[in-house]
Every structure is written in structure tokens, then in C-alpha cells.
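These are the residues of each chain, in order.
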Amino acid sequence: MTRVCLVGADDVDVQYELLSRETAREALSTYERHAPFENSLAVDTVSLGAAVSLYNDLNWYLVRFVDLALVREPSVSTEEWLSRSLATQVRDGDADPAETGDLLAVYGVEDGALVEPMYVTRRPDGTVPEYDLRPVSETVVVRVTEDEFGRG
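Basis of the calculations
- For every chain, the first residue of the written sequence is number 1, and numbering continues from 1 onward in sequence order.
- Selection of residues for local features in this predicted model requires a pLDDT of at least 70, selection of side-chain atom pairs for listing and counting requires 80 or more, and totals for whole chains, interfaces and linings are taken over all residues.
- The side-chain numbers reported here are obtained from all heavy atoms of the structure, hydrogens and water having been left aside.
- Exposure is judged per residue with a 1.4 Å probe applied to protein chains only, and the accessible area is read against the type maximum: over 50% gives exposed, under 20% gives buried, and values in between give partly exposed.
- Starting at the N terminus, helices and strands are each numbered in turn, a helix being any DSSP run of H or I of at least four residues and a strand any DSSP run of E of at least two.
- Working note: the arc is built from the helix axis to C-beta atom directions.
- In this description, contact between two residues means that some pair of their heavy atoms is separated by no more than 4.5 Å.
- Lines fitted to C-alpha atoms define the axes, with helix axes restricted to the stretch in contact, and inter-axis angles between N-to-C directions lie between 0 and 180 degrees.
- The scheme is simple: roughly parallel for angles under 35 degrees, roughly antiparallel for over 145, roughly perpendicular for 65 to 115, oblique for anything else.
- By convention, the crossing between two helices is left-handed when the near helix turns anticlockwise from the far helix through less than a right angle, and right-handed when the turn is clockwise.
- Ten residue types, Ala, Val, Leu, Ile, Met, Phe, Trp, Tyr, Cys and Pro, are classed as nonpolar, four, Asp, Glu, Lys and Arg, as charged, and the remainder, Gly among them, as polar.
- Within this document, salt bridges are pairs made up of a side-chain nitrogen of Lys or Arg and a carboxyl oxygen of Asp or Glu, the two lying within 4 Å of each other.
- Any N or O atom pair separated by 3.5 Å or less is treated as a polar contact, with the protein-specific requirement of one donor-capable and one acceptor-capable atom, and with residues adjacent in sequence counted only for side-chain atom pairs.
- Put simply, a nonpolar core is a bunch of buried Ala, Val, Leu, Ile, Met, Phe, Trp, Tyr and Cys residues held in one set by side-chain atoms that sit within 4.5 Å of each other.

With that out of the way, let us pick up helix α5 (residues 84–92). Inspection of α5 places Leu86, Ala87 and Val90 among the buried residues, and these make up the whole buried set. All buried residues of α5 lie within an arc of 100 degrees about the axis, which places them on one face of the element. Where α5 terminates, the next one or two residues include Gly93, which has phi positive at roughly 80 degrees.

Printed below as a string of C-alpha cells:
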């Protein structure tokens, strides 16, 4: 299963905003919903293509209420997420899944919420540099596109 996860903007309740609107609620109605992080909504889809399609269906809501749209595709990585842009590139054949792991956004997790990302490159030995922006209980690694990496 491919998991998608939407993390809401600071000033909105992402679950309320998505589920209170008929079109978004209908698009999400066939999925069992989860909340892996504070102010998030996640669902499992059957494939990477289905995940990207769901994001496309929800795009109007994503640009208004969501800060971060993630995809966890087991054929790429079972432990790291992909940004929406990178997931789309992989789905479209514009990015080789085996070559997506070098540019990373590492988010800290504090009290269940994702906090500021640290943009890093994977070390030659395959390890990820430690998150050092603040003390956190855990981290979430997100593979990003070159354009997204440049924004950090």
C-alpha cells in the first residue's frame, strides 16, 4: 500500500477543512483515515499512481489548507517519504526511484507535530545527517526534488 499524508497549515485544522467540504469528503470517503502527525490526515492507496491522482483530485484544497503533501511508496522506500512533486516525477517516469534518495528534507517531530525541516544530502555511506535545529524526539525523512531542495 502507498500512504499519502497531508499536513495542515499552522492556522487550519486540516481534517476539519477537508472533511467539511463535499468534494474532498467524497474523494476521501473510500479510505480509512489516519493521523500520523499532529494536524495531519493520511490514507492508504493501492499504488503510487492512485496517490498522485488523489492529490490531483484534492489540489484545490491542498493549496489552501495543506503545508506538506507526502507519499510513502514501499517500492521506493519503506521508511522515507517522498514529496508530492517527487512522487509525481517517479510516477511519470521522470525520476528513477533508485536515484531519489540523495536530496532530503529532515523534519523534527516535537509533541507529535512536524517542525522546521533541515535540508541535507545523504552521506556517501548512505546515512542521513542528524537533525540539529533543535532537540526532538524523532525525525521524519522526506526525499525531495532538486527544486524543492533549493527552497530550503
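There's more to say after this.
Relative to the assigned elements, Pro36 resides in the loop between β2 (33–34) and β3 (40–45). For the pair Pro36 and Glu80, spaced 44 residues apart in sequence, the C-alpha to C-alpha distance is 14 Å. Once residues within four sequence positions are removed from consideration, Pro36 is found in contact with Cys5 and Ala42.

Put simply, helix α3 (residues 48–57) and α5 touch, their axes get as near as 10 Å, and they point 130 degrees apart. Comparing the axis directions of α3 and α5 gives the class oblique. The two elements α3 and α5 meet at a crossing, and its hand is left-handed. Contacts between α3 and α5 involve Leu48, Gly49, Val52, Ser53, Tyr55 and Asn56 from the first element and Arg84, Ala87, Thr88, Val90 and Arg91 from the second. Partitioning the contact of α3 with α5 into residue classes produces five nonpolar, four polar and two charged.

Another point: the pattern of salt bridges. Taken as a whole and judged by the stated rule, the model has seven salt bridges. Taking the shortest distance from any N to any O, the salt bridge between Arg122 and Glu80 comes out at 2.7 Å. A residue pair is termed long-range when its members are at least 10 positions apart, and Arg122 in the loop between β7 (113–121) and β8 (138–143) and Glu80 in the loop between β4 (66–72) and β5 (81–83) qualify at 42 residues. Side by side, Arg122 and Glu80 carry an identical accessibility label, which is buried.

For the rest of this paragraph, the subject is the environment of Arg72. Structurally, the position occupied by Arg72 is in strand β4. Residue classification places Arg72 among the partly exposed positions, given a relative accessible area of 26%. Each C-alpha atom of the pair Arg72 and Val136 lies 22 Å from the other, and the pair is 64 residues apart in sequence. Leave out the neighbours within four places in its chain, and Arg72 touches Met1, Thr2, Arg3, Ser77, Thr78, Glu79, Glu80 and Trp81. One polar contact links the side chain of Arg72 to the main-chain carbonyl oxygen of Glu79, over a distance of 3.2 Å.

In this section: the nonpolar core. Core analysis: the largest hydrophobic core is formed by 28 residues, its most contacted members being Val4, Leu6, Leu18, Leu28, Tyr55, Leu58 and Val71. When residues of this core are traced back to their parent elements, those giving at least two are β1 (2–8), α1 (14–19), α2 (22–28), β3, α3, α4 (59–65), β4 and α5. The dominant element in this core, judged by the number of residues it contributes, is α3, at five residues. Ignoring anything within four residues of it in the chain, the contact list for Leu6 reads Val14, Leu18, Asn39, Ser40, Leu41, Tyr55, Leu58, Leu62, Val66, Leu68 and Ala69. Membership of the second largest hydrophobic core comes to 14 residues, among which are Leu68, Ala105, Tyr107 and Val109.

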